[in-house]
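# Tertiary structure, described
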Amino acid sequence: MVDLALDSALGPPSRWIAGLKRGGPRLWVGAALVGVLVLAALLAPLIALHDPLEQDLMSAQLPPAWVVGGDLAYWLGTDSLGRCVLSRLIYSARTAVAVALIAASLAAAIGIAFGLIAGSFGGWVDQATSRLIDVWMAFPPVLLSIVLAAVIGAGLTSVIAAIVVVDWTRFARVVRAETMVQLQRDYAAAARVIGLSRSGILRLEILPNLIPLVVTLLAVEMGIAILVEVILSFVGISVAGDTPTWGGMIAEGRQIVYQAPWIMALPIGCIISSVIGFNLLGDGLRLVLDPVQRR
Amino acid sequence: MTAALSVQGLQVAIGTGASSANVLRGVSLDLQRGEVRGLVGESGAGKSMLGRAVLGLLPANAVIAAGTIQFEGRDLVAMPEPERRSLLGRRIALIPQDPMTSLNPVKRVGAQIAILLRHHLALSKRGALERAAELLAEVAIREPRRVLELYPHEISGGMRQRVLIAMAFACDPSLVIADEPTTALDVTVQRQVLQLVERLRQRHGAAVLFITHDLGVVAKICRTMTVLHAGRVLEEGETAEVLAKPRHPYTRALLAATPRADRPAEALRPVPPALIENLWSEAHRLDRLVVAGPA
């Protein structure tokens, strides 16, 4: 409490610091994990030691460098075609990050729009939207993605489309409920009394109150998008065959898991750390962004 | 000169069909320009409902069954929505009941005042904040510029109510509806808030409809008063006259039920249940007459 009082006396700049402190270790660990992932994706050509497609059949299935029989040229070993596992992991991050950012943002935009409309209009508009969401959510998401990918055809666009089409409901449901709650609050009535229109109230008063919630959801959704991309590339209906993906690497590593377990274990590790990273970052950001500190 | 507010024969019912209940049963009330009118009555008398009807804030299941509400000669009920919105916040303002919840929790005080000013006065962002600081100074807030940067949870309840009062008078309204603005505050702050409302009213020349159940408050600042019960006007007139020589037995009972420092506690009498019973059965008889129609 003492440093809170100090903060408000010092004015706005320190509020950011106070906010970041509020995020705590979750924020830092999450930001670090996501940061590593994003940097790897952006700088892939600079930091990867090998071309991810370059085959060296003479040194196939090498273990990581620190294990007996490892080669210092291939830090994390090679796969059954002699391709550098580390480089493939780094290049795979590009697909993962692209899918996570684009798919989650699009799903959020569509979901928020539907949620705000359903939550603020009420009546038959709300009924129609809610029923649509109910029906939508009754489909098994992965199956729907597979069907969609099969219909639109494989490729990055279809992976993103599949995720957006399935996951906008996640945002719509939560935003609808929260919009209804916020509209019942006195400040929303006060906003009506100052003559704001419905869209003005939603944009100026309600949306700012939804931000902490939406940011959390967005981060979680990015983790989910990565998982969906992995599943789709694992079954081989994601990006083109020669582009490295974590899901593809798992599929390849599965066949030789007894001879070379690291080929399968390493991409799994990457997936786990990215998903955890996004979730922690979302949690941390929620605390940072909420000035009321609803804890 | 037309009255600031003229309510004629206003009937409001909640619900429809067999389950509907009348909350206002033909209320008429005229408020001259610059007049301060106290609107008193027990809980459920319909006093807040009258204020909400004027502001167009009736709950979704409430309907105006009959009567007119005129603001400076213009019918608020029949008026198209955009026109009504342009009056709200500018010509007609509300001082809300609960300062704790009537400000948006995630927006800085300055930003909230700026929304109002920019909506009605077409000010620049900068100009709006300048004006907001002046408004806060006008309601005796020290360091107005610092307060503009704070969030509502960082200032006290009395200060929030002063911010809301500043917002109510920001665009020179000619009618201010004060819906129990002192109820949620402690007694020491109440007095300051009342003085403030009185001072601003004189400066801006606004008519004030002061909704309260506190006869002490009415005696202090209202020149005229209206006693409401079960959605009907029982008595109205000059405050001094009504308080000195109440004509209606209910007003007399209400006065006897008000604690006063110059009277022993034993003198305090609750409103006799038989009287209330009588008034309600009278109200219900009126309802039936209305349903039967003027055959």
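Residues numbered from 1 in each chain as written. Chains lettered and ligands numbered in written order. Predicted model: local features only at pLDDT ≥ 70, side-chain atom pairs only at ≥ 80, totals over all residues.

## Let's talk about the overall build of chain A
Rules: Strands here mean DSSP runs of E at least two residues long; helices mean DSSP runs of H or I at least four residues long; both are numbered from the N terminus. Each residue is classified by how many other C-beta atoms fall within 10 Å of its C-beta atom, where C-beta atoms are placed from the backbone; a count of 20 or more means buried, 12 or fewer means exposed, and values in between mean partly exposed. Throughout, a residue-residue contact means that the two C-beta atoms, derived from backbone geometry, are no farther apart than 7 Å.
Secondary structure summary: chain A contains eleven helices and zero strands in total. Start at the N end of chain A and walk to the C end: the helices and strands fall as α-α-α-α-α-α-α-α-α-α-α. For chain A, the spread of C-alpha atoms along the three principal axes comes to 75 × 55 × 30 Å. In chain A, which comprises 295 residues, the proportion classed as buried is 45%. When contacts within chain A are restricted to residue pairs at least 6 apart in sequence, those whose partners lie at least 24 apart make up 69%.

## Considerations on the overall build of chain B
Within chain B, the secondary structure is distributed over eleven helices and ten strands. Across its three principal axes, chain B shows a C-alpha extent of roughly 60 × 50 × 40 Å. Per-residue burial over chain B gives 42% buried out of 295 residues. Look at the contacts in chain B between residues 6 or more apart in sequence, and 66% of them connect residues 24 or more apart.

## Focus on the packing of helix 4 (residues 85–121) of chain A against helix 5 (residues 123–138) of chain A
Residues and elements named next belong to chain A. Counted only if it meets this: Whenever a helix is involved, its axis is fitted only over the stretch in contact; in every case the axis is a line through C-alpha atoms, and angles between N-to-C directions fall within 0 to 180 degrees. Under this scheme an angle from 65 to 115 degrees is roughly perpendicular, one under 35 degrees roughly parallel, and one over 145 degrees roughly antiparallel; angles in between are oblique. Here a crossing is taken to be left-handed if its near helix is turned anticlockwise relative to the far helix by less than a right angle, and right-handed if that turn runs clockwise. In this classification, Asp, Glu, Lys and Arg are treated as charged, Ala, Val, Leu, Ile, Met, Phe, Trp, Tyr, Cys and Pro as nonpolar, and every other residue, Gly included, as polar.
Packing of helix 4 against helix 5 leaves a shortest axis separation of 7 Å and a crossing angle of 140 degrees. With respect to their mutual orientation, helix 4 and helix 5 come out oblique. Here the hand of the crossing between helix 4 and helix 5 comes out left-handed. Residues Phe114, Ile117, Ala118 and Phe121 of helix 4 lie in contact with helix 5, whose contacting residues are Gly123, Val125, Asp126, Thr129 and Ser130. Among the residues forming the contact of helix 4 with helix 5, the class breakdown is five nonpolar, three polar and one charged.

## Thoughts on the sheet that holds strand 7 (residues 175–179) of chain B
All names here are of chain B. We count it as follows: For two strands to pair, DSSP has to find at least two bridges joining them.
Strand order in the open sheet formed by six strands is 6-7-8-3-9-10, with mixed pairing between adjacent strands. With one partner strand each, in any of the chains shown, strand 6 (92–95) and strand 10 (232–238) form the two edges of the open sheet. Direction aside, neighbouring strands of the sheet carry axes that sit 15 degrees apart on average. Across the sheet, helix 6 (residues 157–168) touches strand 6 and strand 7, and the angle it forms with strand 6 is around 175 degrees.

## Quick look at the nonpolar core
Proteins that are soluble and globular tend to have nonpolar side chains buried together. In plain terms, the rule: Residues of type Ala, Val, Leu, Ile, Met, Phe, Trp, Tyr and Cys that are buried and joined through C-beta atoms within 7 Å form what is called a nonpolar core.
Ile163 and Ala225 of chain A together with Ile165 of chain B are the most contacted members of the largest nonpolar core, which has 162 residues in total. Residue contributions to this core peak at 18 residues, all from helix 4 of chain A. Once residues within four sequence positions are removed from consideration, Ile165 of chain B is found in contact with Ile95, Val139, Leu196, Val197 and Leu200 of chain B.

## Topic: the interface of chain B and chain A
A common way to report how large an interface is uses the accessible area buried once the components associate. Taken together, the 26 residues of chain B in the interface contact 20 residues of chain A. Contributions of two or more residues to the side of chain B that touches chain A are made by helix 2 (81–87) and helix 3 (109–121) of chain B. For the side of chain B that touches chain A, the leading source of residues is helix 3 of chain B, giving four residues. Here the side of chain B that touches chain A is built from residues that sort into twelve nonpolar, eight polar and six charged.

## Focus: the pairing of strand 3 (residues 36–40) of chain B
Residues and elements named next belong to chain B. Counting buried residues in strand 3 gives five out of five residues, a clear majority hidden from the surface. Side chains of strand 3 alternate between two faces, with Val36, Gly38 and Val40 and Arg37 and Leu39 buried alike. Of the strand pairs in this sheet, strand 3 and strand 8 (residues 207–211) are connected by four bridges, and their pairing is parallel. By the bridge assignment, Leu39 is partnered in strand 8 with Ile211. Relative to strand 9 (residues 224–229), strand 3 is paired through four bridges, and the arrangement is parallel. Bridge pairing in strand 9 places Arg37 opposite Thr224.

## A look at the pairing of strand 9 of chain B
Regular strands place side chains that alternate from one sheet face to the opposite one. All names here are of chain B. Summarising burial for strand 9: five of the six residues are buried, a large majority. The sheet contact formed by strand 9 and strand 10 spans six bridges and is antiparallel. Each bridged residue has a counterpart across the sheet, and for Thr226 the counterpart in strand 10 is Glu236. Here strand 9 folds back onto strand 10 in antiparallel fashion, the turn holding two residues, of which Ala230 has a positive phi close to 50 degrees.

## Here's the deal with the environment of Arg162 of chain B
If you trace the backbone, Arg162 of chain B turns up in helix 6. Excluding its chain neighbours within four sequence positions, the residues that come into contact with Arg162 of chain B are Val139, Ile141 and Leu196 of chain B.

## Quick word on the packing of helix 4 of chain A against helix 11 (residues 262–289) of chain A
Residue and element names in this part refer to chain A. Across the interface, helix 4 lies against helix 11 with an axial gap of 11 Å and an inter-helix angle of 35 degrees. In the packing of helix 4 onto helix 11, the handedness of the crossing is right-handed. For the pair helix 4 and helix 11, contact is made by Val85, Leu89, Ser92 and Ala96 and by Ile263, Leu266, Pro267, Cys270 and Ser274, respectively. In terms of residue class, the contact of helix 4 with helix 11 is built from seven nonpolar, two polar and no charged.

## Some points on the sheet that holds strand 5 (residues 74–75) of chain B
Hydrogen bonds between backbone atoms are what pair the strands of a sheet, whose relative direction is either parallel or antiparallel. Residues and elements named next belong to chain B. On the basis of which strands lie adjacent, the open sheet formed by four strands has the order 2-1-4-5 and antiparallel pairing. Across the chains shown, the open sheet's two edge strands, defined by having one partner strand only, are strand 2 (21–31) and strand 5. For strand 4 (residues 62–71) and strand 5, the ladder comprises two bridges, and the chain directions are antiparallel. Bridge pairing in strand 5 links Phe71 to Arg74.

## A word on helix 8 (residues 186–193) of chain A
Two residues of an α-helix separated by three or four positions point the same way, owing to the 3.6 residues in each turn. With six of eight residues buried, helix 8 of chain A lies mostly within the body of the structure. Buried within helix 8 of chain A we find Tyr187, Ala188, Ala190, Ala191, Arg192 and Val193 of chain A. On its buried face, helix 8 of chain A sits against helix 7 (156–184) and helix 9 (198–234) of chain A together with helix 1 (47–55) and strand 6 of chain B.

## Quick notes on the confidence of the model for chain A
All names here are of chain A. Counted only if it meets this: Values of pLDDT, the confidence the predictor places in each residue, fall between 0 and 100.
A residue-level look at chain A finds 93% of positions with pLDDT of 70 or above and a mean pLDDT of 84. Mean pLDDT per element in chain A: helix 1 (residues 2–10) is the minimum at 40, and helix 4 is the maximum at 92. Low pLDDT, under 50, characterises residues 1–11; the stretch is placed with six contacts to residues that sit more than four places away or in other chains.

## Observations concerning the environment of Phe278 of chain A
All names here are of chain A. With respect to the helices and strands, the residue Phe278 is situated in helix 11. By C-beta crowding, Phe278 is classed as buried, having 25 other C-beta atoms within 10 Å. Ignoring anything within four residues of it in the chain, the contact list for Phe278 reads Val34, Ala219, Val220, Met222 and Gly223.

## What to know about the confidence of the model for chain B
Of all residues in chain B, 97% have pLDDT values of 70 or greater, and the mean over the chain is 87. The ipTM value of the predicted complex is 0.81, and its pTM value is 0.81.

## Structural notes on unusual backbone geometry
All names here are of chain B. One non-glycine residue, Asp172, lies in the positive phi region at around 55 degrees. Along the chain, Asp172 turns up in the loop between helix 6 and strand 7. With a phi angle near 45 degrees, Glu180 is a residue other than glycine that sits in the positive phi range. When you line up the elements, Glu180 lands in the loop between strand 7 and helix 7 (187–204). Its 20 C-beta neighbours within 10 Å are what place Glu180 among the buried residues.

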